[in-house]
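Per-entry structural report
This is what each chain is made of:
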Amino acid sequence: MLVLKAVVVLGTCLFFSLAPLNTKIVGGQAAVQGSWPWQASLHRITSGSHFCGGSLINKDWVLSAAHCFQSLSFFEHLIGVTSSTIFLHHSIDLTRLITHPSYSTTTQNNDIALLQLSSSVTFTDYIRPVCLAAAGSVFGGGTKSWITGWGKLKFADTQIPNILQEVQIPIVNNSVCNKAYGGIITSNMLCAGLDEGGKDSCQGDSGGPMANKNNSQWIQSGIVSFGRDCGIPKFPGVYTRVSQYQSWISSPISSDLPGFVSFTSTESSSGSPI
């Protein structure tokens, strides 16, 4: 049986995705506790060490990346805290792990997974679900996006931070990103980063959310998937495009469907919006 553990200090979404406490990642800063209440941390059950992120999308399901689970059969799951020094857990069985049937380990296409909890979490200011980008959402180049996670602060690091990190970076048009990565970027992916580098997701951030603010509401647009090292110039990070998977995400969820919200931003004055 897969075992999941959840923090109790503590992520439908249309009401709770306001993140009332919101006012490393490479080049980011420590997040204020409770500012990203849907953020999850997945831990190896054998060592207790963090290996991937995730996001709470309703009271029973967490969204993450398929590549996080290719070599793991057991793991722990910690929800809704920003410092490992205050982890307080109780055990929750994980009843289901679903990775996308067309996930490619070669190209990382369809890098998405769902985790079902055996018992529902209770929403508080520190545990709230995030809304998801609906099918047809548009994220133009330059759209400001937030990445959060407990991943490495730089590529060569051997340790990860105790405090949840956050960084804001712009969307990069898929056409630009595709040239950088030699033609492997698909319409199921989003890219984000600075041309000069220095701000990016890194190892350990995988599976965690890319989020965009729509007025007072937060919408998850992407899932941390892959990149070239961390924060190097000309190579933005690559994220699974959540809006491509509305039907797939909704299909196994029998009740309390996640909230999907249409998002349109065409900040770039040139190039393809995707």
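Now for a look at the structure at hand. All values derive from a computational prediction rather than experimental measurement.

With that settled, the discussion passes to the state of the cysteines. Overall, the coordinates contain two disulfides when judged by the stated rule. The disulfide bridge from C52 ends at C68, spanning 2.1 Å between sulfur atoms. Because the sign of the S-S torsion sets the handedness, a value of about -90 degrees for the bond joining C52 and C68 places this disulfide among the left-handed ones. Of the two residues, C52 sits in strand β4 (residues 50-56) while C68 sits in the loop between β5 (61-64) and β6 (75-79), which places them 16 residues apart along the sequence. Here C177 is linked by a disulfide to C191, with a sulfur-sulfur distance of 2.1 Å. Taking the sign of the S-S torsion, -75 degrees for the link of C177 and C191, the bridge is left-handed. With C177 in helix α2 (residues 174-180) and C191 in strand β13 (residues 189-192), this residue pair connects regions lying 14 residues apart in the sequence. Here C177 matches C191 in class, with each residue buried.

This part is about the environment of L56. Relative to the helices and strands, L56 resides in strand β4. For L56, a relative accessible area of 0% puts it in the buried group.

A few words now on the pairing of strand β16 (residues 237-241). Among the five residues that make up β16, five are buried, leaving the element largely enclosed by the rest of the structure. Note that β13 and β16 share four bridges and pair antiparallel. Note that in β16 the partner of A192 across the bridge is G237. Judged from the four bridges that link them, strand β15 (residues 217-226) and β16 form a sheet pairing that is antiparallel. Bridge assignment links G222 to a residue of β16, and that residue is R241.

With that out of the way, let us pick up the layout of surface pockets. Counted as a void, the second largest pocket has a volume near 190 Å³. What lines the second largest pocket is P170, I171, V172, N173, V176, A180, G193, L194, D195, K234, F235 and P236. For the lining of the second largest pocket, the element with the most residues is strand β12 (residues 165-172), which contributes three residues.

Quick look at unusual backbone geometry now. If you check the backbone angles, N110 has positive phi at about 60 degrees while not being a glycine. Mapped onto the secondary structure, N110 falls in the loop between β7 (89-99) and β8 (113-117). Located in the positive-phi region is N215, a residue other than glycine, with phi close to 60 degrees. Relative to the helices and strands, N215 resides in the loop between β14 (209-214) and β15. Here N215 falls in the exposed class, since its relative accessible area comes to 70%.

Moving on to the nonpolar core. With 38 residues, the main nonpolar core has I57, L63, L114, L132 and I249 as its most contacted residues. Of all the elements in the fold, those that place two or more residues in this core are β3 (39-44), β4, β5, β8, β15 and α3 (246-250). Element by element, the count of residues in this core is highest for β8, at four residues. Grouped together as the second largest cluster of nonpolar side chains are 16 residues, F139, V167, I219 and V224 included.

Attention shifts here to the environment of S255. Turning to its location among the elements, S255 is positioned in the loop between α3 and β17 (260-261). As for S255 and D60, which are separated by 195 residues in sequence, their C-alpha atoms are 9.4 Å apart.

One ladder, built from two bridges, connects strand β11 (residues 144-149) with β14; its direction is antiparallel. Each residue of the ladder has a partner; that of W146, found in β14, is A211. Pairing between β14 and β15: six bridges, direction antiparallel. Within β15, the position partnered with N214 by the bridge is Q217. Between β14 and the antiparallel strand that follows it, β15, lie two residues; N215 among them carries a positive phi value of about 60 degrees.

What counts, and at which threshold
- Residues numbered from 1 in each chain as written.
- Predicted model: local features only at pLDDT ≥ 70, side-chain atom pairs only at ≥ 80, totals over all residues.
- Heavy atoms only, no water.
- Disulfide = S-S within 2.5 Å.
- Helix = DSSP H or I, 4+ residues; strand = E, 2+ residues; numbered from the N terminus.
- Buried < 20%, exposed > 50% of the residue type's maximum accessible area, 1.4 Å probe, protein only.
- Pairing = 2+ DSSP bridges.
- 1 Å grid on protein atoms, 1.4 Å probe; cavity = no way out; pocket = protein on both sides within 12 Å on 5 of 7 lines; lining within 4 Å.
- Points joined across faces, edges and corners; volume = space filled by probe spheres on them.
- Core = buried A, V, L, I, M, F, W, Y, C linked by side-chain atoms within 4.5 Å.

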